[in-house]
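Chain residues, written in single-letter form:
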Amino acid sequence: MEPFVREATNKTPYLNFNAREGYIQIKGRSIPENAHLLFDPIMEWLDKYISNPSPVTRVDIQLEYFNTISSINLLNVFKKINELYKRNNKATISWYCDKDDEDMIEAGEDYQAVVDIPIKIIEV
């Protein structure tokens, strides 16, 4: 399966989805004007990945800011990873945020309340 990599823009995050390494990274700002253009390819990639995942999947989310539509779509990403976790695949999600950013810390905690897979909140 081909890696899915997109460079960051001023409105979209850097994306690095690598099936061979079992690594998924979303980093930067996510305030796309047309969220489906950003997230539809991500969801398609995840659907393929879930059918033949790596033995271990590591997800790193390092967002400095995201809008409401991105929040909804991030939850969908977490739900896909949660599917792996429920199938007894090893998977981890790390939520990186500034130690002083209460909104981002709370967002990570909110996601944790919705999915079964533990989300490790890492304050930097």
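Residues numbered from 1 in each chain as written. Predicted model: local features only at pLDDT ≥ 70, side-chain atom pairs only at ≥ 80, totals over all residues. Heavy atoms only, no water.

### Examining the environment of Lys79
Considering the arrangement of structural elements, one finds Lys79 in helix α2 (residues 68–86). Take Lys79: its relative accessible area is 41%, and that puts it in the partly exposed class. Separated by 65 residues in the primary sequence, Lys79 and Tyr14 have C-alpha atoms spaced 20 Å apart. (Helix = DSSP H or I, 4+ residues; strand = E, 2+ residues; numbered from the N terminus. Buried < 20%, exposed > 50% of the residue type's maximum accessible area, 1.4 Å probe, protein only.)

### Topic: the nonpolar core
Ranked by internal contacts, the top residues of the largest apolar core, which has 36 residues, are Phe17, Ile42, Leu46, Ile81 and Trp95. Listing elements by their share of this core, those giving two or more residues are β2 (14–18), β3 (23–30), α1 (35–51), β4 (56–66), α2, β5 (90–97) and α3 (102–114). Once residues within four sequence positions are removed from consideration, Ile42 is found in contact with Phe4, Leu15, Phe17 and Val77. (Core = buried A, V, L, I, M, F, W, Y, C linked by side-chain atoms within 4.5 Å. Contact = heavy atoms within 4.5 Å.)

### A look at the pattern of salt bridges
Tallied over the entire structure, the rule returns 6 salt bridges. For Lys80, the salt bridge identified is with Glu83, shortest N-O distance 3.9 Å. One end of the pair is Lys80 and the other is Glu83, both in helix α2 and 3 residues apart, which spans about a single turn. What makes Lys80 buried here is its relative accessible area of 17%. (Salt bridge = Lys/Arg side-chain N within 4 Å of Asp/Glu carboxyl O.)

### Some thoughts on the sheet that holds β2
Strand order in the open sheet formed by 6 strands is β1-β2-β3-β4-β5-β6, with mixed pairing between adjacent strands. Strands at the two margins of the open sheet, each flanked by one partner only, are β1 (4–6) and β6 (119–123). Pairwise comparison of adjacent strand axes, ignoring direction, gives a mean angle of 15° for this sheet. Here 6 bridges tie β4 to β5, and the two strands are oriented parallel to one another. Each bridged residue has a counterpart across the sheet, and for Ile61 the counterpart in β5 is Trp95. Where α1 meets the sheet, its contacts fall on β1, β2, β3 and β4, and the angle it forms with β2 comes to roughly 15°. Across the face of the sheet, α3 comes into contact with β4, β5 and β6 while running at roughly 170° to β6. (Pairing = 2+ DSSP bridges. Axes fitted to C-alpha atoms, helices over the stretch in contact; angles between N-to-C directions.)

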